[in-house]
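A closer look at the structure
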Amino acid sequence: MTIKERVAALLQQAMDEAQAKGFIPQAMLPDVLLERPQNREHGDLASSLPLRLARNLHLNPMEIAQRLIPLIPPAEEVERVWVAPPGFINFALKSYWLVQQVEAVVQAGERYGNMDLGKGKKVQIEFVSVNPTGPLHVGHVRGGILGSTLANVLAASGYSVEREYYVNDAGTQMDSFYYSLYVRYQQALGKEAEMPKDGYVGTYMVELAREIAIEEGEGFLQMRPEEAVKALGAIGLQKMLKSIKEDLERVRVSFDVWFSERSLYTGGQYDKSMQILREAGYLTQREGALWFASTALGEDKDNVLVRSTGAPTYFASDIAYHYNKFSERGFDWVINIWGADHQGHVPRMKAMASALGVAPERLTLIISQLVTLRRGQEVVRASKRTGELVTLRELVDEVGPDACRFFFLSRSPESQMEFDLELAKKESSENPVYYVQYAHARIAGILQLAQESGIDYSDGDVSLLVNPAEIDLIRHMVEFPELIETMAQNLSPHHLPHYAMELATAFHWFYDHCRVVSRLSEEEGITKARLKLVQAARIVLARCLDLMGMDAPEKM
RNA sequence: GCGCCCGUAGCUCAGGGGAUAGAGCAUCGGUCUUCGGAACCGAGGGUCGCGGGUUCGAAUCCUGCCGGGCGCGCCA
């Protein structure tokens, strides 16, 4: 239970009693009872409950507050409760309680901030899932970093999380990729062959084909073209996937499962899911194609599942895929992270869930807006087909994984963002990423010094911590569990970098005001107490960095 | 034309019904310079795109414009 929930419960108790005794009329309580006021003078926690109730109760908000306050039970956490116009109830926390939280943090260690919001529910996060037709570029990084961090956050919140990459190894785009590879392979071996007009003309395809020609020899030239395309394609796909995986690992994005689209056709999920839709009456045959009657579910148009050529669409695969996720693998909750260019597919996905008999709220689609890439004034256009793009690899080589992650993470998914490569590079020596990491390195330095000096601070007495800088640092640490909760509830990991900045600031401020390691024997007590505080600060900061997938350096 | 997202400081972005709207970078000024200066403190800088509405209270919710991004295929 976070301190916010604890105090909210106290307020709730007071409210119940007030109503039971008839001091206050019965009323529905708002969901949110407590807030963190932005101004310190308003206490550690505040409630606008009286203001919210005033209208329905036909009472003056100040009056409501006055009646409520005497009924708030005394608690070891709370120092003072008071009314503030126009009708807030403010709470100040006891500094004795705050200071004891240092012990709580140290005791919890790496588990500090974890909670059981998810109660072990099985959640799957599917992200990136780019067609393996070429290298990942900058636009794909955002979803990867968002997904991996969200997965960390949900895991810390008590969900059982699985990370998945959906490999589109079937479908027309892949056919084009396979054929392009065949052409490049022939050319690599000196044979005349012409690229299809919508083929993948990027230079990486030339290199891929050459590599295969060297490793596998000329054998594919002897095969019938269809056979060669298939055989080469299988090799090309594996190489492409390997390279994508390596690229993602450079930004510390990894997956538990790489799921093959093709397996849905060989494993029977496609047939089964279509059967379910057929029996539910959602399939119609029209104009030579098979349609999903999504208009029956409130969508504005139907969607083709099987083309008149007999080839299933990507959407048909999606249905089979989600049938597999929900019905076969039994995920309680499925989260898909998509780029804004797929936003139009959301309604039909929801319709599909209903048609499969899955409650639509068990499927969450997070749409992250696209990234505009710039080099100074020049806008860089990304086109995978022509190969004119800044790859993920180039980006990470230029900017580094930590800065990359921090930068992408600090923007909320729904806001379009601009990535200026020049700026990212230029700022990298003087940017917030290093500010946060520096705080960690500084802490490590202090603890190192303590160790070298042979100081054992395990018996440090935290009640000696009274300096405002010390208390301020503790206040920030105490907010960490609430942060985890907020991020998990709103699926908004972008708060993490901002919090990390604030925590680092609080630490630097403390460092500036309070000398930690003292050689004076009369300062032994405060030295140990502060070392314990520093240890706790390190735990929280390291957790932040870990959740963000960043390094927590000992030295820089 | 229709749908979704966005518009907040010079720039990049937080804040998404509460009290005086914040951060980083940039600009200007100061501190300290014994545990790591990749630090600390301060200043300037805002019609929260514009207009209406709801509310005790709106940057936040509703609505109409304006501006930008992305969609609207038997492509993925």
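Only a predicted model underlies this, so the values are computations on that prediction, with no experimental measurement involved.

Each value, and the rule that gives it
Sequence order sets the numbering: in each chain, residues are counted from 1 along the sequence as written. Here every chain gets a letter starting at A, and every ligand a number starting at 1, in the order they are written. Only residues with pLDDT of 70 or above have their local features reported here, since the model is predicted, and side-chain atom pairs are shown and tallied only from 80 upward, although totals for entire chains, interfaces and linings are computed over all residues. Side-chain metrics in this entry use all non-hydrogen atoms of the structure; hydrogen atoms and water are not considered. Here a Phe, Tyr or Trp ring, Trp counted by its six-membered ring, pairs with any other such ring whose centre lies within 6.5 Å, and the pair is stacked when the planes are under 30 degrees apart, edge-to-face when over 60, and tilted otherwise. Working rule: Lys NZ or Arg CZ, within 6 Å of ring centre, within 35 degrees of ring normal, means a charge sits over the ring. Strands here are runs of E lasting at least two residues and helices are runs of H or I lasting at least four, both read from the DSSP assignment and numbered beginning at the N terminus. Here the expected length of a helix is defined as 1.5 Å per residue gap, with one fewer gap than residues. When accessible area is computed with a 1.4 Å probe and restricted to protein chains, residues below 20% of their type maximum are described as buried, those above 50% as exposed, and intermediate ones as partly exposed. Whether two residues touch is decided by their heavy atoms; if any such pair falls within 4.5 Å, the residues are in contact. Each domain's extent is set by a domain assignment, obtained either automatically or from a database. Accessible-area loss on putting two parts together, using a 1.4 Å probe and summing over both, is the definition of buried area adopted here. Within 3.5 Å is the distance limit for a polar contact, defined as a pair of N or O atoms, with the added protein rule that one can donate a hydrogen and the other accept it, and that residues adjacent in sequence qualify only through two side-chain atoms. Asp, Glu, Lys and Arg are counted as charged, while Ala, Val, Leu, Ile, Met, Phe, Trp, Tyr, Cys and Pro are counted as nonpolar; the rest, among them Gly, fall into the polar class. One heavy atom within 4 Å of a molecule or strand is enough for the residue carrying it to be called near that molecule or strand. For helices, the fitted line uses only the C-alpha atoms of the stretch in contact; every axis is such a line through C-alpha atoms, and the angle between N-to-C directions lies from 0 to 180 degrees. Angles are sorted into four bins: roughly parallel if under 35 degrees, roughly antiparallel if over 145, roughly perpendicular if 65 to 115, and oblique for all others. Grouping buried Ala, Val, Leu, Ile, Met, Phe, Trp, Tyr and Cys residues that are joined through side-chain atoms within 4.5 Å yields what is termed a nonpolar core. Definitions used throughout: a 1 Å grid over protein atoms alone; a cavity as a set of points that fits a 1.4 Å probe which cannot get out; a pocket as an open set with protein on both sides within 12 Å along at least five of seven lines; a lining residue as one with an atom within 4 Å of a point. Grid points are joined across faces, edges and corners, and a volume is the space filled by probe spheres set on the points. Pairing between strands requires that DSSP locate at least two bridges from one strand to the other.

Some words on the packing of aromatic side chains
- Throughout the structure, instances matching the rule amount to 22 aromatic pairs.
- Feature note: the residues F127, Y165, F255 and W258 constitute an aromatic cluster, connected by ring pairs.
- In this structure, R286 packs its charged tip against the face of W291, placed 4.5 Å from the ring centre.
- A cation sits over an aromatic face here: R442 above Y511, 3.7 Å from the ring centre.

Some points on helix α19 (residues 495-513)
- With 19 residues, α19 ought to run about 27 Å at 1.5 Å a step, and its terminal C-alpha atoms sit 27 Å apart, in line with that.
- Every buried residue of α19 is accounted for by L496, P497, Y499, A500, L503, A504, A506, F507, H508 and F510.
- The secondary structure elements touched by the buried residues of α19 are α5 (138-156), α14 (401-409), α16 (432-452), α17 (468-478), α18 (480-490) and α20 (524-547).

Some details on the domain arrangement of chain A
- Splitting chain A by domain gives domain 1 (3-93), domain 2 (122-426) and domain 3 (431-547).
- Between the C-alpha centres of domain 2 and domain 3 there is a distance of 41 Å.
- The interface is formed by 20 residues belonging to domain 2 together with 17 residues belonging to domain 3.
- When the area that domain 2 buries against domain 3 is broken down by residue, the three leading residues are V153, F406 and L409, summing to 33%.
- Where domain 2 meets domain 3, there are 2 residue pairs in polar contact (both at pLDDT 80 or more).
- Among the elements that take part in the side of domain 2 that touches domain 3, α5 stands out by supplying 7 residues, more than any other.
- Grouping the amino acids of the side of domain 2 that touches domain 3 by side-chain chemistry returns 12 nonpolar, 6 polar and 2 charged.

Here we look at the protein's contact with RNA strand B
- If you check the shell around RNA strand B, you find 64 residues, and the closest are R55, R307, H345, R411 and R442.
- Those atoms of RNA strand B that come within 4 Å of the protein belong to sugar or phosphate at a rate of 64%.
- Residue N131 places a side-chain N or O atom 2.9 Å away from a sugar or linking oxygen belonging to RNA strand B.
- Contacts to RNA strand B include E418, whose backbone N or O atom sits 2.6 Å from a phosphate oxygen.
- Listing elements by their share of the surface near RNA strand B, those giving two or more residues are α2 (49-57), β3 (88-93), α6 (172-188), β14 (417-420), α16 and α19.
- A class-by-class count of the residues in the surface near RNA strand B yields 22 nonpolar, 24 polar and 18 charged.

Digging into the packing of helix α10 (residues 269-279) against helix α11 (residues 314-328)
- The N-to-C vectors of α10 and α11 enclose an angle of 90°; their axes lie 8 Å apart at closest approach. Taken together, α10 and α11 sit at an angle that is classed as roughly perpendicular. Contacts between α10 and α11 pair Q269, Y270, K272, S273, M274, I276 and L277 from the former with A316, I319, A320, Y323, N324 and E328 from the latter.
- Counted by class, the contact of α10 with α11 contains 8 nonpolar, 3 polar and 2 charged residues.

Some thoughts on the nonpolar core
- Counting 148 residues, the largest nonpolar core has L154, F408 and F419 as the members making the most contacts within it.
- No other element matches the 12 residues that α20 contributes to this core.
- Every residue in contact with F419, bar those within four places of it in the chain, is listed here: V371, T372, L373, R374, L395, V399, F407, F408 and A424.
- Core analysis: the second largest hydrophobic core is formed by 33 residues, Y166, L277, F315 and A316 among them.

What about helix α1 (residues 3-20)?
- Its 18 residues place the ends of α1 26 Å apart at the C-alpha level, agreeing with the 26 Å of an ideal helix rising 1.5 Å per residue.
- Every buried residue of α1 is accounted for by I3, V7, A8, L10, L11, A14, M15, A18 and Q19.
- Looking at the residues trailing α1, positive phi occurs at G22, about 80°.

Details of empty space enclosed by the protein
- Per the stated rule, a full pass over the model turns up 1 cavity of 30 Å³ or more.
- Volume-wise, the largest cavity comes out at about 60 Å³.
- Around the largest cavity sit R142, I145, L146, F408, L409, R411, P413, P493 and H494, which together line it.
- When contributions to the lining of the largest cavity are tallied by element, the ones reaching two or more residues are α5 and α14.
- Ranked by the residues each element gives to the lining of the largest cavity, the list is headed by α5, at 3 residues.
- Taken together, the residues of the lining of the largest cavity break down into 6 nonpolar, 1 polar and 2 charged.

Focus: the sheet that holds β3
- Strand order in the open sheet formed by 3 strands is β1-β3-β2, and the pairing between neighbours is antiparallel. Edge positions in the sheet fall to β1 (45-47) and β2 (78-84), since each has one partner strand and no second. Adjacent strand axes in the sheet meet at a mean angle of 20°, parallel and antiparallel pairs treated alike.
- Sheet topology note: the β2/β3 ladder contains 6 bridges and is antiparallel. Along β3, the bridge assignment pairs A84 with F88.

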